[in-house]
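Single-letter residue listing:
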Amino acid sequence: TVQVPGQATLTLALAADSPKTNNVYSPSTGTITIPVMKFTASSTGGSSKIKKLAIDITSATASRILATTLRLKDGDTVVQSVTGDNSTVVTFDNFTYTVPNNITKTFTVEGDYLPIDSTSNTNPTNNHIARATILATSANCQFERGDSTLQNCTVAAALNSKNQYLFRQGVKFELISAT
């Protein structure tokens, strides 16, 4: 097979180990960091330099919560951190991350969330939901090929994380003794 230099493609997919739906206890003070999504980026036909990634952090309900800070991470390394500005789409666009040819990298999107108001969480149907989506529309993810042209990533369908439900009240189990 003959590869044409500079003709890389970058494909995004939801990672198999992306967080499952979870109930998360929200402390009354400080912030809580929640990993909301893991996705993979695979480069073929050459190396790809990721330049932009837009994450939709809304949910299907009005009780969604917005992160004060969102981080894009490769393992424990922060690729870029973006301060939340109460918008529903957060864009990481001040970075360059190289995905080598025929390599798949796994990224994590995690957010810092403020405590939820305990008075608004007395009704069990009033869920506070943290989540993330990478939409399958052009220009939500862009990368640079070896020939310096900017291309859109391939996202076959929207990559939807599972809901992370934040609660102030609930049952908490602690192991007192192993004997």
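Residues numbered from 1 in each chain as written. Predicted model: local features only at pLDDT ≥ 70, side-chain atom pairs only at ≥ 80, totals over all residues. Heavy atoms only, no water.

1. A short note on the pattern of salt bridges
Reasoning step 1: Inspection of every chain in the model, using the stated rule, returns 6 salt bridges.
Reasoning step 2: Salt-bridge contacts for Lys38 lead to Asp17; the nearest nitrogen and oxygen are separated by 3.2 Å. With Lys38 in strand S3 (residues 32-44) and Asp17 in the loop between strand S1 (9-14) and strand S2 (22-25), the pair connects residues that are 21 residues apart, well separated along the chain.
Reasoning step 3: Linking Arg71 and Asp112 is a salt bridge whose minimum nitrogen-to-oxygen distance equals 2.7 Å. Taken together, the positions of Arg71 in strand S5 (residues 69-74) and Asp112 in strand S9 (residues 103-113) put the pair 41 residues apart, joining distant regions of the chain. For the pair Arg71 and Asp112, one class covers both residues: buried.
Reasoning step 4: What emerges from the salt-bridge pattern is a single network uniting Arg71, Lys73, Glu110 and Asp112. (Salt bridge = Lys/Arg side-chain N within 4 Å of Asp/Glu carboxyl O. Helix = DSSP H or I, 4+ residues; strand = E, 2+ residues; numbered from the N terminus. Buried < 20%, exposed > 50% of the residue type's maximum accessible area, 1.4 Å probe, protein only.)

2. Describing the packing of aromatic side chains
Reasoning step 1: Considering all chains together, one arrives at 2 aromatic pairs under this definition.
Reasoning step 2: Relative to Phe107, the ring of Tyr97 has its centre 5.1 Å away and its plane inclined at 80 degrees; by these criteria the two rings are edge-to-face. Pair noted here: Tyr97 is in strand S8 (residues 97-99) and Phe107 is in strand S9, with a separation of 10 residues, a long-range link.
Reasoning step 3: With relative accessibility at 16%, the residue Tyr97 sits in the buried group.
Reasoning step 4: On the basis of relative accessibility, which here comes to 2%, the residue Phe107 falls in the buried class.
Reasoning step 5: Through successive ring pairs, a cluster of aromatic residues spans Phe39, Tyr97 and Phe107. (Phe/Tyr/Trp six-rings, centres within 6.5 Å; stacked < 30°, edge-to-face > 60°.)

3. Observations regarding empty space enclosed by the protein
Empty space among the atoms becomes visible once a probe the size of a water molecule is rolled across them.
Reasoning step 1: This structure, assessed with the given rule, holds 1 cavity of 30 Å³ or more.
Reasoning step 2: The space that makes up the largest cavity amounts to roughly 40 Å³. (1 Å grid on protein atoms, 1.4 Å probe; cavity = no way out; pocket = protein on both sides within 12 Å on 5 of 7 lines; lining within 4 Å. Points joined across faces, edges and corners; volume = space filled by probe spheres on them.)

4. Here's the deal with the state of the cysteines
Reasoning step 1: Taken as a whole, this structure holds 1 disulfide when the rule is applied.
Reasoning step 2: Each sulfur of the disulfide joining Cys141 and Cys153 lies 2.0 Å from the other. Between Cys141 and Cys153, the S-S dihedral sits near -50 degrees, and the bridge is therefore left-handed. Note that Cys141 is positioned in strand S12 (residues 141-144) and Cys153 in the loop between strand S13 (150-152) and strand S14 (159-160), a separation of 12 residues in sequence. (Disulfide = S-S within 2.5 Å.)

5. Some remarks on the side chain of Asp56
Reasoning step 1: Looking at where Asp56 falls in the secondary structure, it is placed in strand S4 (residues 48-56).
Reasoning step 2: Setting aside anything within four residues of it in sequence, one finds Asp56 in contact with Thr88, Val89, Arg131, Ala132, Thr133 and Leu135. (Contact = heavy atoms within 4.5 Å.)

6. A short note on the nonpolar core
Buried together is how nonpolar side chains tend to be arranged in soluble globular proteins.
Reasoning step 1: Ranked by size, the top nonpolar core spans 39 residues in total, and within it Leu12, Phe39, Ile55, Leu70, Leu72, Tyr113 and Leu166 carry the most contacts.
Reasoning step 2: If you tally residues by element for this core, the top one is S3, at 6 residues.
Reasoning step 3: Among all residues touching Leu70, those that are not within four sequence positions of it are Ile55, Ile57, Gln80, Ser81, Val82, Val90, Phe92, Val109, Glu110, Gly111 and Tyr113. (Core = buried A, V, L, I, M, F, W, Y, C linked by side-chain atoms within 4.5 Å.)

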